[in-house]
Amino acid sequence: MLDMKFIRDHLDQVEQRLATRGGEISLAGFRQLDERRRSLLTESEQLKAKKNSASEAIAKVKDKSQVADQIAAMKEVSSRIKALDDELKVVEDELQHLLLTIPNLPHPTTPVGRSEADNVLIRSWGEPPRFDFAPKNHWEIGEQLGILDFERAVKIAGARFALSTGAGARLERALISFMLDLHTTEHGYTEVLPPFMVNRASMTATGQLPKFEDDLFKLVDPDFLLIPTAEVPVTNIHRDEILKKADLPISYTAYTPCFRREAGSYGKDTRGLIRQHQFNKVELVTFVHPDDADAELERLTGHAERVLQLLELPYRVMALCSGDIGFSACKTYDLEVWLPGQNAYREISSCSSFGDFQARRGGIRFREDDKSKPEFVHTLNGSGLAVGRTLVAILENCQQADGSVVIPKALRPYLGGMETIPSP
RNA sequence: GGAGAGAUGGCCGAGCGGUUUAAGGCACCGGUCUUGAAAACCGGCGUACCGAAAGGUACCGUGAGUUCGAAUCUCACUCUCUCCGCCA
């Protein structure tokens, strides 16, 4: 959510900066609601002041019959206040809903562009492997090794679900442990294991609601929603709190499954593990002082990159353009891992800075010192990494001519020293 | 699922229609005293919104209602705790 006062004072500038996201966002409705709200509020509050002082005067008189006409007059005032407050509530609800549907302002360093095609290459790491045979897709490799079973997953659940078995299941568990250990021991994150279902207030704070309800899986109980990312429960750890400046930065890492409806992506990535209704992810979430947010995005992105480096998987870092960043983000770096089976780089992590956008929605604040007013913290998060896609990258990059897959060295201690997944 | 109890400021806790600008205590911050510290004493100490300011308004779990006036009365809901049942 943007600061209402900032929008009011910089209406044209806000409109222009939002326009770089594409689509059309008009703030004419905002101006109208904002003015109506303030005029109703002023009138209502003046009448309340009058009512309060009259009540005090009436209270001092013992014989109420002497002030019967005053009491009658106040009855009028009260009903007028009620009428004003009723209208005010309608206006404020509308204004609030409008504010909740306005996306974040792109960061000044976010490249301006319309689509994915305008994203900017920042750096790349590692060399795509050369094969003296035709490299296979991960679903071919996985099925041949007997570690991925898509057919049975369809039977159990449906399309866009996967069943890992044997070494596949163990590899995924190893990846989760490996990532969590790296982030907790070397990068200073605190591990958390949050709820996988959250309430509507939590989804609203991080920005999934009210606009993207269709992307979420809902339960019969309407109060609970399945998380599409650990960002939601973890960021909400500090919702409606005033943190101490000395506590910042706060860094959490969490493994959770993620549940996404993938509405509107029917044609895309229909085969394999790339796009699933349920997938595992290790997430990084940090709360920082506003002055540190820019540097923190670089650090956090580096922490996600470190996972790929230790796994020896080639990748590149892209700065998303204004037309491609998410609703709540002001700046985003995507890490794209090389996938030989697709002969392309594909997203494996998305690291974003949200400024005070989520903090304002969620009331996450800190005090500069004991005397000063609370200010909003800045929040950031990134995948560190998407576990299913990491499995895909390992299968495709580390495949051998004989159909076996060599396990990256860093992962072997988590697999009882296993060096390869042998071809059956 | 059944029965009961409760929800007040960072914490404890009083208040149960108008002397509450929410008592009192603890914690915290500033000061006096002291060689220093402690103690004692004095003062300060919530959040949000409207306003150029002065100032005003709202908030005692949430939402409605009664009343000239609600932390206080009524209704609904939510959450927490205790016991019973069920359960990994």
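Only a predicted model underlies this, so the values are computations on that prediction, with no experimental measurement involved. (Residues numbered from 1 in each chain as written. Chains lettered and ligands numbered in written order. Predicted model: local features only at pLDDT ≥ 70, side-chain atom pairs only at ≥ 80, totals over all residues. Heavy atoms only, no water.)

S.K.: Is there a simple way to explain the side chain of His-187 in this structure?
M.R.: Of note, His-187 is situated in the loop between α7 (167-185) and β2 (190-192). With relative accessibility at 15%, the residue His-187 sits in the buried group. Within the structure, His-187 has its side chain in polar contact with the side chain of His-183 (distance 3.1 Å). Filtering out sequence-adjacent residues up to four positions away, His-187 remains in contact with Leu-182, His-303 and Arg-306. (Helix = DSSP H or I, 4+ residues; strand = E, 2+ residues; numbered from the N terminus. Buried < 20%, exposed > 50% of the residue type's maximum accessible area, 1.4 Å probe, protein only. Polar contact = N/O pair within 3.5 Å; in protein donor to acceptor, adjacent residues only side chain to side chain. Contact = heavy atoms within 4.5 Å.)

S.K.: What exactly am I supposed to notice about the pattern of salt bridges here?
M.R.: One side chain can pair with another of opposite charge once the charged atoms of both are near each other. Here the structure, examined in full by the defined rule, presents 20 salt bridges. The partner of Lys-89 in a salt bridge is Asp-93, with the nearest N and O atoms 3.1 Å apart. Highlighted residues: Lys-89 and Asp-93, both in helix α4 (residues 68-100), separated by four residues, approximately one helical turn. As a salt-bridge pair, Arg-123 and Glu-305 come within 2.6 Å of each other at their nearest N and O atoms. Taken together, the positions of Arg-123 in strand β1 (residues 120-125) and Glu-305 in helix α10 (residues 293-310) put the pair 182 residues apart, joining distant regions of the chain. Note on Glu-305: relative accessible area 5%, which makes it buried. (Salt bridge = Lys/Arg side-chain N within 4 Å of Asp/Glu carboxyl O.)

S.K.: Is there a simple way to explain the packing of aromatic side chains in this structure?
M.R.: Two numbers describe a pair of aromatic rings. These are the distance of the centres and the angle of the planes. Scanning the entire structure with this criterion turns up seven aromatic pairs. On the basis of an interplanar angle of 85 degrees and a centroid distance of 6.1 Å, the ring pair of Tyr-252 and Phe-287 is categorised as edge-to-face. Placement of Tyr-252 in strand β6 (residues 250-259) and of Phe-287 in strand β7 (residues 278-288) is noted, with a sequence separation of 35 residues between them. Of the two residues, Tyr-252 and Phe-287, both sit in the buried class. Each member of the aromatic cluster is reached from another via a ring pair, and the members are Phe-212, Phe-327 and Phe-357. (Phe/Tyr/Trp six-rings, centres within 6.5 Å; stacked < 30°, edge-to-face > 60°.)

S.K.: Hey, could you run me through the protein's contact with RNA strand B in this one?
M.R.: What surrounds RNA strand B is a group of 26 residues, the closest being Arg-37, Glu-45, Ser-78, Arg-365 and Arg-367. For RNA strand B, the fraction of protein-proximal atoms (within 4 Å) that sit in sugar or phosphate groups is 79%. In this structure, a sugar or linking oxygen belonging to RNA strand B sits 3.4 Å away from a side-chain N or O atom of Thr-42. Ile-71 has a polar backbone atom sitting 3.3 Å from a sugar or linking oxygen of RNA strand B. Only α1 (4-9), α3 (28-60), α4 and β11 (364-367) provide two or more residues apiece to the surface near RNA strand B. With eleven residues, the single largest contributor to the surface near RNA strand B is α3. Among the residues forming the surface near RNA strand B, the class breakdown is seven nonpolar, four polar and 15 charged. (Near = heavy atom within 4 Å. Nonpolar A, V, L, I, M, F, W, Y, C, P; charged D, E, K, R; others polar.)

S.K.: What am I meant to see in the packing of helix α5 (residues 138-145) against helix α12 (residues 387-397) here?
M.R.: When two helices pack together, you describe them by how their axes are tilted relative to each other and by the distance separating the axes. α12 packs onto α5 with a crossing angle of 80 degrees between their chain directions and a minimal axis gap of 9 Å. What the angle tells us is that α5 and α12 run roughly perpendicular. Where α5 abuts α12, its residues His-138, Ile-141 and Gly-142 lie against Val-392, Leu-395 and Glu-396. (Axes fitted to C-alpha atoms, helices over the stretch in contact; angles between N-to-C directions. Parallel < 35°, antiparallel > 145°, perpendicular 65-115°, else oblique.)

S.K.: Mind showing me how you'd approach unusual backbone geometry here?
M.R.: Glycine aside, residues mostly have negative phi, and peptide bonds are mostly found in the trans state. Omega for the peptide link from Leu-209 to Pro-210 comes to 5 degrees, which places this bond in the cis form. Among the structural elements, Pro-210 can be located in the loop between α8 (200-206) and β4 (225-226). The omega angle of the peptide bond from Gly-384 to Leu-385 is 10 degrees, so this bond is cis rather than trans. As for its placement among the helices and strands, Leu-385 is situated in strand β13 (residues 378-386). Unlike most non-glycine residues, Asp-240 shows phi in positive territory, near 60 degrees. Following the sequence through the fold, Asp-240 ends up in the loop between α9 (231-235) and β5 (241-244). Its relative accessible area of 60% is what places Asp-240 among the exposed residues.

S.K.: Would you explain the sheet that holds β13 in this entry?
M.R.: Think of a sheet as strands paired side by side through backbone hydrogen bonds, with each pair either parallel or antiparallel. Spatial ordering of the open sheet is given by β1-β8-β9-β10-β13-β7-β6-β2, a layout of eight strands whose pairing is mixed. Among the strands making up the open sheet, the edge pair consists of β1 and β2. The sheet shows a mean angle of 25 degrees between the axes of neighbouring strands, direction not considered. Bridging between β6 and β7 involves ten bridges; their strand directions are antiparallel. In the strand pairing of β7, Ala-254 is matched with Glu-283. Those strands touched by α7 are β2, β6, β7 and β13, and its axis lies near 5 degrees from that of β7. Packed onto the sheet, α12 meets β7, β9 (331-339), β10 (344-353) and β13 and runs at close to 40 degrees relative to β13. (Pairing = 2+ DSSP bridges.)

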